[in-house]
Amino acid sequence: MAQEINYNKFFLAAYSQGAIVMFLISTYFVYTPIVLESLKITETEFALGITVFGITNIIINQIATRFLLPKIGTTNCLIIARLSYAFIPFLIFYIPKYEVYILLSIFWGAVVGIQAPSLFTQIAILESKTKKILNPIFKSCFSVGSIFGALLASFCFGLKVDPKLLFALIGVFIFLSSISMFFFGLPKKLDYVDKSPSFSLPSKTIFLYALVNMMIFASIGIILNWSSLWFINDLLGPIYLAGFVLLFFNIGEISANIMASRLIKIFNEKFVGPYFTIIGSVVLIFTIVSQNIYIILIGMIIFGFSCSNMQPIIFRQAIKYSKDSIPKTISHISSIGFSGLVFGPAIVGFSAERLGLTFNMYALCFIFILISILMTFLMNQNKVAGVIEKSQ
């Protein structure tokens, strides 16, 4: 009798990979005010680092999907990625030079370009094997990692812990934790293999889904990258609570991701995705108008809950209607999506200097309303889009 395969183990391994990278990124971005001070740079110069991160990510994403993943497997790609990004924030603080910051941003983009298609390919494989809706609950890993990162950073921020010491310890933890992927990662016999990878352009439908994903990436950095600075400078919040905007946003995201499968079955993907996002965006606009820290934090929970399932639904819809293989479809969606990091941070950094971060927060809400309208239009073009198939 064949031994039953434990898919939960593989899912948890992929989940931990997503949580760890966001733990590192969240901790780092809460320290944005210290990065600016340490490097003696402006918001626009800081945003340039995120832009080159995005450019490198797009290039390596395409290369990794077509040549690296098929040759060594997604699990090995994830191990390489985790080992590579472990000490990047530490080096940014240890060598406080702007040129080094740009070079490390390029390297970080390359590493994430390897990790992103590997992760989403694994989840798509597990969804096809288990016949379960896993993408939304998987997305919660980013929120979980972000919450712990924001909490740790806020705590260390308040205690004035040396960022070099903090990120050195985090780097050691991440480096050592990579061993877990050797024992619990998706084995190569279940992995995707394409012995003759080739370049292909996305279809019109896939390109439009990727375009929506790109707009999300271009704008969501307003919260991820700039919320701590906005909280301290514009809202005049206490420095030890600098990560709380991101924290409350992630609490809302996790709640929505956990409930996603049930919500989709009760309603449909169109309601849980774009309709929810419109409601949450309107609510956040009114809370920002209040300029009350506590009301805004409540608004962040609602906004995080409402928009959290948009990206998982984009991936599910794209895979459903794509004629390409799963890795190629995911590569198109993720690489075009990450292109939002090319121009988004530059625009956000420029407007932050000229118009202020509060303006950017309002802009975020209106952009997400526009994204929701485009997503609704796109899903209406497909007769069964937005509805869970009866066979599932």
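Relevant structure appears above.
Residues numbered from 1 in each chain as written. Predicted model: local features only at pLDDT ≥ 70, side-chain atom pairs only at ≥ 80, totals over all residues. Heavy atoms only, no water.

A few words now on the side chain of serine 177. Here serine 177 lies in helix H8 (residues 163-177). Sequence-distant contacts of serine 177, defined by excluding residues within four places in its chain, comprise Ile20 and Arg82. (Helix = DSSP H or I, 4+ residues; strand = E, 2+ residues; numbered from the N terminus. Contact = heavy atoms within 4.5 Å.)

Here the focus is the environment of lysine 129. Within the secondary structure, lysine 129 sits in helix H6 (residues 98-130). With relative accessibility at 43%, the residue lysine 129 sits in the partly exposed group. The sequence separation of lysine 129 and leucine 190 amounts to 61 residues, and the corresponding C-alpha distance is 9.4 Å. (Buried < 20%, exposed > 50% of the residue type's maximum accessible area, 1.4 Å probe, protein only.)

Relative to the helices and strands, tyrosine 101 resides in helix H6. Spatially, the C-alpha atom of tyrosine 101 lies 28 Å from that of lysine 139, the residues being 38 residues apart in sequence. In this view, tyrosine 101 contacts Tyr28, Leu39, Glu45, Phe46, Gly49, Ile50 and Ile92; residues no more than four positions away in its chain are not counted. Here phenylalanine 46 takes part through its backbone oxygen, which lies 2.6 Å from a polar atom of the side chain of tyrosine 101. (Polar contact = N/O pair within 3.5 Å; in protein donor to acceptor, adjacent residues only side chain to side chain.)

As enumerated under the stated definition, the model contains 4 salt bridges in all. Lysine 139 is paired through a salt bridge with glutamate 253; the nearest N and O atoms lie 2.9 Å apart. Placement of the pair is lysine 139 in helix H7 (residues 135-159) and glutamate 253 in helix H12 (residues 244-266), with a sequence separation of 114 residues. Just as lysine 139 is buried, glutamate 253 falls in that class too. Here glutamate 269 ties to arginine 316 by a salt bridge, and the two come within 2.9 Å at their closest N and O atoms. Note that glutamate 269 is positioned in helix H13 (residues 269-290) and arginine 316 in helix H15 (residues 310-321), a separation of 47 residues in sequence. Arginine 316 shares its class with glutamate 269; the two are buried. (Salt bridge = Lys/Arg side-chain N within 4 Å of Asp/Glu carboxyl O.)

Let's shift gears to the packing of H15 against helix H16 (residues 326-338). Viewed as axis vectors pointing N to C, H15 and H16 meet at an angle of 140°, and their least axial separation amounts to 10 Å. With respect to each other, H15 and H16 are oriented oblique. Note that H15 runs across H16; the crossing there is right-handed. Note on element contacts: H16 touches H15 through Thr329, Ile330, Ile333 and Ser334, opposite Ile314, Phe315, Ala318 and Ile319. Residues that form the contact of H15 with H16 fall into these classes: 6 nonpolar, 2 polar and no charged. (Axes fitted to C-alpha atoms, helices over the stretch in contact; angles between N-to-C directions. Parallel < 35°, antiparallel > 145°, perpendicular 65-115°, else oblique. Left-handed = near helix turned anticlockwise from the far one by under 90°. Nonpolar A, V, L, I, M, F, W, Y, C, P; charged D, E, K, R; others polar.)

We now examine the nonpolar core. One finds Tyr28, Phe46, Tyr85, Trp108 and Phe167 to be the most contacted residues of the largest nonpolar core, which totals 121 residues. If one sorts the elements of this core by residue count, helix H1 (residues 7-30) sits on top with 16 residues. Among all residues touching tyrosine 85, those that are not within four sequence positions of it are Gln17, Ile20, Val21, Leu24, Trp108, Val111, Gln115 and Ile174. (Core = buried A, V, L, I, M, F, W, Y, C linked by side-chain atoms within 4.5 Å.)

Another aspect to go through is a nonpolar patch on the surface. Together, Ile55, Ile59, Ile63 and Phe67 make up an exposed nonpolar region whose accessible area comes to about 370 Å². Looking at where isoleucine 63 falls in the secondary structure, it is placed in helix H3 (residues 43-72). (Patch = residues over 30% accessible without salt bridge, like charges linked within 9 Å, V, L, I, M, F, W, Y side chains within 5 Å. Areas by Shrake-Rupley, 256 points an atom, 1.4 Å probe, with all protein chains shown as cover.)

Packing of H3 against helix H4 (residues 74-85) brings their axes to within 6 Å, and their N-to-C directions diverge by 110°. Comparing the axis directions of H3 and H4 gives the class roughly perpendicular. Along the contact surface, H3 presents Leu68, Leu69 and Ile72, while H4 presents Thr74, Asn76, Cys77 and Ile80. Its residues placed into classes, the contact of H3 with H4 shows 5 nonpolar, 2 polar and no charged.

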